[in-house]
Amino acid sequence: MSTPANNDKYLDQTLRPDNWGDYIGQESIKNNLKILLGAAMEREEPPEHLLFYGPAGLGKTTLAHLITKEIGAQMKSTSGPAIERVGDLASILTNLSPGDILFIDEAHRLNKMIEEVLYPAMESGALDIIIGKGPSARTIQLDLPPFTLIAATTRISLLSSPLRSRFSGGTFRLEFYTEKEIQRIVARSAKILGAELAEEAAAEIAKRSRSTPRTANHLLKRCRDYAQVHGDGIIGIDSAAKALELLEIDESGLTANDRRILEILIEKFGGGPVGLQTLAAAASEEEATIGEVCEPYLLQLGFIERTPRGRVATPRAYEHLGKMAPHPQKPLL
Ligand code: ADP
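Novice: Would you explain helix α3 (residues 60-70) in this entry?
Specialist: The α-helix advances 3.6 residues per turn, and as a result positions three or four apart in sequence lie on the same side. With eight of its eleven residues buried, α3 lies for the most part within the structure. Burial in α3 covers these residues: K60, T61, T62, L63, A64, L66, I67 and T68. Packing partners of the buried residues in α3 comprise α2 (27-42), β1 (50-53), β2 (75-79), β3 (101-105) and β6 (148-153). Positive backbone phi, at 65 degrees, marks G72, one or two positions downstream of α3.

Rendered as structure tokens:
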């Protein structure tokens, strides 16, 4: 039977830390937030608006939940693509209670019209609504209850600069995690899932987790399944290594798809530079998948570089794929 803890769909919720002690890493962000939240609570005001950015699965949503809990608020949650019309946003904003947290995930997918309604709402707690059309159109202003907007995005560069500047509480970039931190995260997750996990197996999962807690938790679950089917249910180093091999995740954490993208960059485009759009077309892959899923980790590993003319494979990428890197061209003169 599918129970929340057994269903991947619920994995994030099941394993989401609900106290700061269990939220491992991101020390600088945590320290800054504690001061900001402490000061706001002392003044009995909602904290100022916050923006979290960084690759998927690094803990942005979890931070929003922890903040909500810390200040004893309620969270209303939505996402950029879910707010299609100004009316959708107006309905969300007018239904807020004083002190609520409004969490908007994928904020880079908010359209311009929505952004423009959001500015005054964030700045002065006012909602400007235009009624009617043409010469008889008029604007009415509604006062909103004090609230805190927490936005999360994987693509901060797509947020307009007026919107970015409205996050008066701060803009925080989440960092990839160290192997030690991920090891602690999977050890905690294994406990919650009731699985026995050997230390070396936790280290192996950490090594191949793309430095990302969500990926690590998914790998842990797959390793648990493997240990259950092929062994005694205990996740030891041997069964973890076999499970990860079956998933085609290599020792650097690259998936088969990451390697395919690198191969195409090297084989079809001579290592680049090539634009994201062209690379995506050649790989029959969505631009967003390459830009948001593959690329951040390949950049982090130093396998590709982003140049003004496009993406370039580095000698490290050639080495990883067992290919000869081209020698840099010597100037003729
Ligand atoms: P994002 O919103 O950045 O995509 P989430 O906040 O949904 O990421 O995190 C994905 C999952 O990873 C969470 O459910 C949680 O289990 C785990 N996670 C993320 N950050 C941490 C952390 N710092 N410590 C422990 N677990 C974490």
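There's plenty left to go through after this.
Novice: Where do I start with the site of the ligand in this structure?
Specialist: Taken together, 19 residues lie near the ligand, and D12, I24, G57, T61 and T62 sit nearest. At 2.5 Å, a side-chain N or O of T61 approaches an oxygen atom of the ligand. With the chains in place, 98% of the 560 Å² that the ligand exposes on its own is no longer accessible. Of all the secondary-structure elements, those providing two or more residues to the shell around the ligand are α1 (11-15), α3 and α9 (213-230). Residues of the shell around the ligand, tallied by class, amount to nine nonpolar, five polar and five charged. A domain split of the shell around the ligand shows at least three residues from each of domain 1 (26-173) and domain 2 (179-246).

Novice: I would appreciate a short explanation of empty space enclosed by the protein in the present structure.
Specialist: Remark: the empty space left among the atoms is shown by a probe the size of a water molecule rolled over them. Enumeration over the complete set of coordinates arrives at one cavity of 30 Å³ or more. Of the voids in this model, the largest cavity is the one considered here, and its volume is about 50 Å³. At the level of elements, α11 (256-267) and α13 (287-301) are the ones that each hand at least two residues to the lining of the largest cavity.

Novice: How should the domain arrangement of the protein be read in this particular structure?
Specialist: According to the domain assignment, the protein contains domain 1 (26-173), domain 2 (179-246) and domain 3 (256-321). The gap between the C-alpha centroids of domain 2 and domain 3 is 28 Å.

Novice: Help me understand the confidence of the model for the protein, please; the structure alone is not making it clear to me.
Specialist: Do not read the fine detail of predicted coordinates wherever pLDDT is low. A residue-level look at the protein finds 95% of positions with pLDDT of 70 or above and a mean pLDDT of 92. Considering only residues more than four positions removed or in separate chains, one finds that residues 1-5, a stretch of pLDDT under 50, has seven contacts.

Novice: Help me understand the packing of helix α8 (residues 199-207) against helix α10 (residues 237-246) in this model?
Specialist: The contact between α8 and α10 brings their axes to 8 Å, and the two run at 20 degrees. When the interaxial angle is binned, α8 and α10 end up roughly parallel. For the element pair α8 and α10, the recorded crossing hand is right-handed. Contacts from E200, A201, E204 and I205 of α8 reach α10 at I237, A240 and L244. Tallied by class, residues from the contact of α8 with α10 come to five nonpolar, no polar and two charged.

Novice: Looking at this structure, how should I read unusual backbone geometry?
Specialist: Excluding glycine, a negative phi dihedral is what most residues carry, and trans is how most peptide bonds are arranged. Residue G272 is joined to P273 through a cis peptide bond whose omega torsion reads 5 degrees. The phi dihedral of Q26 falls on the positive side, at around 50 degrees, and the residue is not glycine. For R210, which is not a glycine, the phi torsion comes out positive at approximately 60 degrees. Position of R210 among the secondary structure elements: in the loop between α8 and α9.

Novice: Sorry, what's going on with the pairing of strand β5 (residues 138-143) here?
Specialist: Remember that side chains alternate between the two faces of the sheet whenever the strand is regular. Sparse coverage of β5 is indicated by the burial of zero of its six residues. Between strand β4 (residues 126-131) and β5, which pair antiparallel and follow one another directly, the connecting turn spans six residues, one of which, G132, has a positive phi of 85 degrees.

Novice: What exactly am I supposed to notice about the nonpolar core here?
Specialist: In summary, soluble globular proteins display a tendency toward joint burial of nonpolar side chains. Core analysis: the biggest nonpolar cluster contains 68 residues, and L33, F52, I67, L197 and I235 have the highest contact counts within it. Residue contributions to this core peak at six residues, all from α9. In terms of nonpolar packing, the next biggest core, distinct from the first, is built from 26 residues, Y53, I83, L102 and A151 among them.

What counts, and at which threshold
Going along each chain's sequence as written, the residues are numbered from 1 onward. Confidence filtering applies because this is a predicted model: local features only for residues at pLDDT of at least 70, side-chain atom pairs given and counted only at 80 or more, and all residues used for totals across whole chains, interfaces and linings. Remark: hydrogens and water are excluded; side-chain values derive from all non-hydrogen atoms of the structure. When a residue's accessible area, from a 1.4 Å probe over protein chains only, is under 20% of the maximum for its type it is buried; when over 50% it is exposed; and in between it is partly exposed. By definition, any uninterrupted DSSP run of H or I lasting at least four residues is a helix, any uninterrupted run of E lasting at least two residues is a strand, and each is numbered from the N terminus. We call two residues in contact whenever any of their non-hydrogen atoms come within 4.5 Å of each other. Proximity is defined per residue: any heavy atom of the residue falling within 4 Å of a molecule or strand makes that residue near it. Residues adjacent in sequence count toward polar contacts only when both atoms are side-chain atoms; beyond that, a polar contact is any pair of N or O atoms within 3.5 Å, and within protein one must be able to donate a hydrogen and the other to accept it. Per-residue accessibility takes into account occlusion by the displayed protein chains alone, with areas from the Shrake-Rupley method and a 1.4 Å probe. Note that Gly is not counted as nonpolar here; it falls among the polar residues with everything else outside the nonpolar set of Ala, Val, Leu, Ile, Met, Phe, Trp, Tyr, Cys and Pro and the charged set of Asp, Glu, Lys and Arg. Note: domain ranges come from an automatic or database domain assignment. Note on definitions: the grid is 1 Å and covers protein atoms alone; a cavity is a set of points where a 1.4 Å probe fits but cannot get out; a pocket is an open set with protein on both sides within 12 Å along at least five of seven lines; lining residues have an atom within 4 Å of a point. Grid points are joined across faces, edges and corners, and a volume is the space filled by probe spheres set on the points. Values of pLDDT, ranging from 0 to 100, describe the predictor's confidence in every residue of the model. To obtain an axis, a line is fitted to C-alpha atoms, over the contacting stretch when the element is a helix, and the angle between two such axes runs from 0 to 180 degrees between their N-to-C directions. Angle categories are assigned with fixed cut-offs, so that under 35 degrees is roughly parallel, over 145 is roughly antiparallel, 65 to 115 is roughly perpendicular, and the rest are oblique. Crossing handedness is defined as follows: a turn of the near helix away from the far one that is anticlockwise and smaller than a right angle gives a left-handed crossing, while the clockwise case is right-handed. If DSSP finds at least two bridges between two strands, the strands pair. Among buried residues, the Ala, Val, Leu, Ile, Met, Phe, Trp, Tyr and Cys ones that are joined through side-chain atoms within 4.5 Å form a nonpolar core.

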